[in-house]
Amino acid sequence: IKVRSNEGRVVDEGSVELRVAAVPQSPAEEKVILSLGASMTSGGQWVKEMYRRLTGTGGTPAADGLTNIKLIGSKGEGDVRYEGYGGWTYTSFSTANKRNDHMILTGNFSDKNDAEDQHSSYVDSNGQVWKIEYVTATEMKIICNSATGKLPSTTGGTLTHVSGGSNTKNIVYTSARQADANPFWDSAKSKNNFKAYVEKHGAETLDEVIIYLGWNQTTNTLEAFRESAVKLIDSILAEYPD
């Protein structure tokens, strides 16, 4: 392969070896995959295409029709799950990362439940749309689609149903506070807790982690960038060394 300038001058060249692999087979046991990233992951496009190629049939390129593939994450639709947030970095996924667009509501939420209402959407008085990440009888975590989202009041208010969920009554809350935005963060332990995260999402283990990060840290020194990447990767390997 030769790379040429606009004037036709060869500026670099090298060789690439193409290795043709056999069509993959379905794993004998469930393989759990976690995908995480920044803005190029937040919409889930590449995760959706990856899942299609692994588990679908037909299409271009032709899908492999595999079974026993499970994606986990608090974002996505159906079986396509992931963690992707605009502007995030390795550090964002290694700290509590409190943000205005991740809030904990308190109130009486006994009319909703995780199984039926997770990821349903509600709008606040400022027109900002929020999605339920989890809900208990007295506490609810919501995430705003906007990176600058802020509730109209932290002392109480109402969110109006937009879409999704089975229990569509408005959300009436009595107070709100910033939540730990990092989905892996364990406030009690002050560190990432991937075991708890995996269990929460209905899986028994974690087999593969795909990390799609980097460009939001272009102002870092190489040393600072490397340190932040190693911190996140080590927190995964500490609980899942294989």
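Everything below is about the structure printed above this text.
These notes cover the structure that comes with them. The residue numbering used here restarts from 1 in each chain and proceeds along that chain's sequence as written. The predicted origin of the model limits local features to residues at a pLDDT of at least 70 and limits the giving and counting of side-chain atom pairs to 80 or more, whereas totals for whole chains, interfaces and linings rest on all residues. As a convention, hydrogens and water are excluded, and side-chain values are obtained from all of the structure's heavy atoms.

1. A word on the overall build of the protein
Argument step 1. In DSSP terms, a helix is any run of H or I states spanning at least four residues, a strand is any run of E spanning at least two, and both are numbered starting from the N terminus. Each helix and strand in the protein was counted, giving five helices and 16 strands.
Argument step 2. What sets the accessible areas is the Shrake-Rupley method with a 1.4 Å probe; for residues, cover comes only from the shown protein chains. Roughly 13700 Å² of accessible area belongs to the protein as shown, and the carbon and sulfur atoms make up 49% of that amount.
Argument step 3. A gap of 4 Å separates the mean positions of the 25 positive and 30 negative side-chain charges of the protein. When charges are counted, neither His nor the chain ends are considered; positive counts come from Lys and Arg and negative counts from Asp and Glu. For charged residues, the charge sits on one atom: NZ in Lys, CZ in Arg, CG in Asp, CD in Glu.

2. Some words on a nonpolar patch on the surface
Argument step 1. There is a patch of nonpolar side chains on the surface, built from I1, V3, V11, V16 and L18 and spanning about 530 Å² of accessible area.
Argument step 2. The topology assignment puts L18 in the loop between β2 (10-13) and β3 (31-37).
Argument step 3. We classify L18 as exposed; its relative accessible area is 76%. Patches were defined on residues exceeding 30% relative accessible area and lacking a salt bridge, with like-charge contacts within 9 Å and nonpolar side-chain contacts (Val, Leu, Ile, Met, Phe, Trp, Tyr) within 5 Å. Throughout this description, the term salt bridge denotes a Lys or Arg side-chain nitrogen within 4 Å of a carboxyl oxygen of Asp or Glu. Buried residues are those whose accessible area, probed at 1.4 Å on protein chains only, stays under 20% of the maximum for their type, while exposed residues exceed 50% and partly exposed ones sit between those limits.

3. Topic: the environment of S120
Argument step 1. Mapped onto the fold, S120 is located in the loop between α3 (114-117) and β8 (121-123).
Argument step 2. The contacts of S120, once residues within four sequence positions are left out, are W130, K131, I132, S163, G164 and G165.
Argument step 3. For this analysis, a polar contact is any N or O atom pair within 3.5 Å, provided that within protein one partner can donate a hydrogen and the other can accept it, and provided that sequence-adjacent residues contribute only side-chain to side-chain pairs. Side-chain polar atoms of S120 contact the backbone oxygen of D117, separated by 2.6 Å. By definition in these notes, contact holds between two residues if any of their heavy atoms fall within 4.5 Å.

4. Notes on the pattern of salt bridges
Argument step 1. Taken as a whole and assessed by the stated rule, the structure comprises eight salt bridges.
Argument step 2. Of the charged contacts in the structure, one is a salt bridge between R52 and E49, with a shortest N-O distance of 2.9 Å. With R52 and E49 both in helix α2 (residues 45-55), this residue pair falls three residues apart, about one helical turn.
Argument step 3. Given a relative accessible area of 27%, E49 falls into the partly exposed group.
Argument step 4. Overlapping salt bridges, with partners in common, bring together E49, R52 and R53 in one network.

5. Details of α2
Note: α-helices contain 3.6 residues per turn, so residues at a spacing of three or four share the same orientation.
Argument step 1. Taken as a whole, α2 has its buried residues at V47, M50 and Y51. The arc enclosing the buried residues of α2, seen along the axis, measures out at 95°, which places them on a common side. Exposed and oriented more than 90 degrees from the buried face of α2 are Q45 and K48.
Argument step 2. Where α2 is buried, its residues meet β3, α1 (39-42), β4 (69-72), β6 (80-84) and β16 (208-212). This arc is built from the directions going out from the helix axis to the C-beta atoms.

6. Considerations on the nonpolar core
Argument step 1. Counting 22 residues, the largest nonpolar core has L34, I72 and F93 as its most contacted members.
Argument step 2. For this core, the secondary-structure elements that each account for two or more residues are β3, α4 (194-200) and α5 (222-237).
Argument step 3. Sequence-distant contacts of I72, defined by excluding residues within four places in its chain, comprise V32, I33, L34, R81, Y82, Y197, V198, H201, A203 and L206.
Argument step 4. In plain words, nonpolar cores are sets of buried Ala, Val, Leu, Ile, Met, Phe, Trp, Tyr and Cys residues tied together by side-chain atoms within 4.5 Å. In this structure, M140, I142, I171 and Y173 belong to the second largest nonpolar core, which totals 15 residues.

7. Examining the environment of K131
Argument step 1. Checked against the element boundaries, K131 lands in strand β9 (residues 129-135).
Argument step 2. Note on K131: relative accessible area 32%, which makes it partly exposed.
Argument step 3. Distance from K131 to A63, taken between C-alpha atoms, is 31 Å for residues 68 residues apart in sequence.
Argument step 4. Every residue in contact with K131, bar those within four places of it in the chain, is listed here: H119, S120, S121, K141, I142, I143 and N145.

8. Details of the sheet that holds β8
Argument step 1. Two strands qualify as a pair provided DSSP detects at least 2 bridges between them. A sheet is described by the order of its strands in space; here seven strands give the open sequence β12-β11-β8-β9-β10-β7-β13, paired in antiparallel fashion. This sheet does not close on itself; its edge strands, each paired only once, are β12 (171-173) and β13 (175-180). Across this sheet, the average inter-strand angle for adjacent strands is 40°, counted without regard to direction.
Argument step 2. Pairing between strand β7 (residues 98-106) and strand β10 (residues 139-144): five bridges, direction antiparallel. Among the inter-strand pairings, H102 is bridged to a residue of β10, identified as I143. To define axes, lines are fitted to C-alpha atoms, for helices over the stretch in contact only, and angles between the resulting N-to-C directions are given on a 0 to 180 degree scale.

9. Focus: unusual backbone geometry
Argument step 1. Backbone torsion omega between T60 and P61 reads -10°, so that peptide bond is classified as cis.
Argument step 2. Assignment of secondary structure puts P61 in the loop between α2 and β4.
Argument step 3. One non-glycine residue, N68, lies in positive phi territory at about 65°.
Argument step 4. Within the element layout of this structure, N68 appears in the loop between α2 and β4.
Argument step 5. The backbone of S190 sits at a positive phi, close to 55°, despite the residue not being glycine.

Function cannot be read off these values alone, since they describe shape.
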